[in-house]
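Chain by chain, the residues:
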Amino acid sequence: MKQNEQQVAGLVLAAGGGRRLGGRPKALLRHRGRPLVEHAVAVLRAAGCTRIHVVLGAGADAVREDAELGDCVLVDNPEWERGMGTSLRAGLASLTGTGARAALVSLVDQPGIGSPAAARVLAAYDGESSLVSAAYAGVRGHPVLFGAAHWAGIVRAATGDQGARGYLKEHADAVRLVECGDVAEPYDIDTEADLVHLE
């Protein structure tokens with residue numbers, strides 16, 4: 001096992017309620033016959049993450065019942081309705097004290113981003129001060145890798161639906177962009193029209 005596979009934990013943000021999808025929790029949308037959250041976990045596992053935390057919110061009980069998430073650590077975010085920032089904070093808090101030196105963060109509603117992109121971002125990890133982001137034609141996207149030295153700052157900055165956007169903007173000089181446009185498509189499943197991307 002490579003050193004970075006032990007030191008980098010996977011973190012799936014899967015708490016969204018699918019407001020523009022008629023209130024269907026995104027984690028439970030079906031893709032290739034299984035809940036979307038299973039795909040997100042499988043991507044991080046195939047990329048090399050051996051420890052994966054999954055932040056749940058909307059429909060958390062149904063996700064626990066319906067999705068096979070193996071040995072993932074399931075983290076409840078009771079504040080999920082207040083936006084993705086709360087999920088990022090809950091996820092990073094759950095990793096504190098685990099020995100993880102970085103978190104590879106992915107979103108449950110981006111099934112077009114597979115393990116090749118996640119593996120590229122993971123491979124760019126080089127310690128607790130790492131800040132790495134997938135890029136698509138040079139534009140920053142997901143997944144994103146946050147070294148533990150940045151967690152406290154990200155937690156302070158993560159509000160509403162912003163997640164770590166403000167923090168990454170502030171520290172743009174330190175962010176290493178890894179081009180992934182040749183191996184992934186960064187669309188979101190946000191609206192009914194986006195459901196065409198699910199198989």
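S.K.: For the packing of helix α2 (residues 36–47) against helix α5 (residues 115–123), give the residues involved together with the corresponding values.
M.R.: Direction vectors running N to C along α2 and α5 enclose 50°, while the axes themselves pass 8 Å from each other. As summarised for this structure, α2 and α5 are arranged oblique, according to the angle between their axes. Here the hand of the crossing between α2 and α5 comes out right-handed. Residue-level inspection shows Val43, Leu44, Ala46 and Ala47 of α2 in contact with α5, the latter providing Ser115, Ala118, Ala119 and Leu122. Residue composition of the contact of α2 with α5, grouped by class: seven nonpolar, one polar and no charged.

S.K.: I'd like a rundown of the pattern of salt bridges, residues and numbers included.
M.R.: Applying the stated criterion across every chain, the model contains 13 salt bridges. For Glu192, the salt bridge identified is with Arg24, shortest N-O distance 3.1 Å. Of this pair, Glu192 sits in the segment after β9 (176–179) while Arg24 sits in the loop between β1 (8–14) and β2 (30–31), and the two are 168 residues apart along the sequence. We classify Glu192 as partly exposed; its relative accessible area is 46%. Since its relative accessible area comes to 35%, Arg24 is described here as partly exposed. Between Asp76 and Arg64 there is a salt bridge whose closest N-O contact spans 3.1 Å.

S.K.: Provide a residue-level description of helix α4 (residues 84–95), including the pertinent values.
M.R.: Note that an α-helix has 3.6 residues per turn; residues three or four places apart therefore point the same way. Between the first and last C-alpha of α4 there are 17 Å, a value that for 12 residues agrees with the 16 Å anticipated at 1.5 Å per step. Listing the buried residues of α4 in full gives Gly85, Thr86, Ser87, Leu88, Ala90, Gly91, Leu92 and Leu95. Looking at the buried side of α4, the elements it contacts are β1, β4 (52–56), β5 (73–76), β6 (102–107), β8 (139–147) and α6 (151–157). In the stretch just after α4, Gly97 is the one whose phi turns positive, near 85°.

S.K.: Describe in detail α5, supporting the description with residues and values.
M.R.: Here α5 has its buried residues at Ala117, Ala118, Val121 and Leu122. With its buried residues spanning 135° around the axis, α5 presents them on a single face.

S.K.: Please provide a residue-by-residue account of the state of the cysteines, values included.
M.R.: Tallying each qualifying case throughout the model produces zero disulfides. In this structure Cys72 is not part of a disulfide, and its nearest cysteine sulfur, from Cys49, lies 10 Å away. Residue classification places Cys72 among the buried residues on the basis of a relative accessible area of 10%.

S.K.: Provide a residue-level description of the sheet that holds β9, including the pertinent values.
M.R.: Taken together, the seven strands give an open sheet; going across it, the order is β5-β4-β1-β6-β8-β7-β9, and neighbouring strands pair in mixed fashion. The open sheet has two edge strands with one neighbour each: β5 and β9. Put simply, the sheet's adjacent strands are angled 25° from each other on average, direction ignored. Examined bridge by bridge, β1 and β6 share six bridges and lie parallel to one another. Bridge assignment links Leu13 to a residue of β6, and that residue is Leu107. Sitting on the sheet, α4 is in contact with β1, β4, β5, β6 and β8, with an inclination near 150° to β1.

Cut-offs and rules
- Residues numbered from 1 in each chain as written.
- Predicted model: local features only at pLDDT ≥ 70, side-chain atom pairs only at ≥ 80, totals over all residues.
- Heavy atoms only, no water.
- Axes fitted to C-alpha atoms, helices over the stretch in contact; angles between N-to-C directions.
- Helix = DSSP H or I, 4+ residues; strand = E, 2+ residues; numbered from the N terminus.
- Parallel < 35°, antiparallel > 145°, perpendicular 65-115°, else oblique.
- Left-handed = near helix turned anticlockwise from the far one by under 90°.
- Contact = heavy atoms within 4.5 Å.
- Nonpolar A, V, L, I, M, F, W, Y, C, P; charged D, E, K, R; others polar.
- Salt bridge = Lys/Arg side-chain N within 4 Å of Asp/Glu carboxyl O.
- Buried < 20%, exposed > 50% of the residue type's maximum accessible area, 1.4 Å probe, protein only.
- Expected span 1.5 Å × (residues − 1).
- Arc of directions from axis to C-beta.
- Disulfide = S-S within 2.5 Å.
- Pairing = 2+ DSSP bridges.

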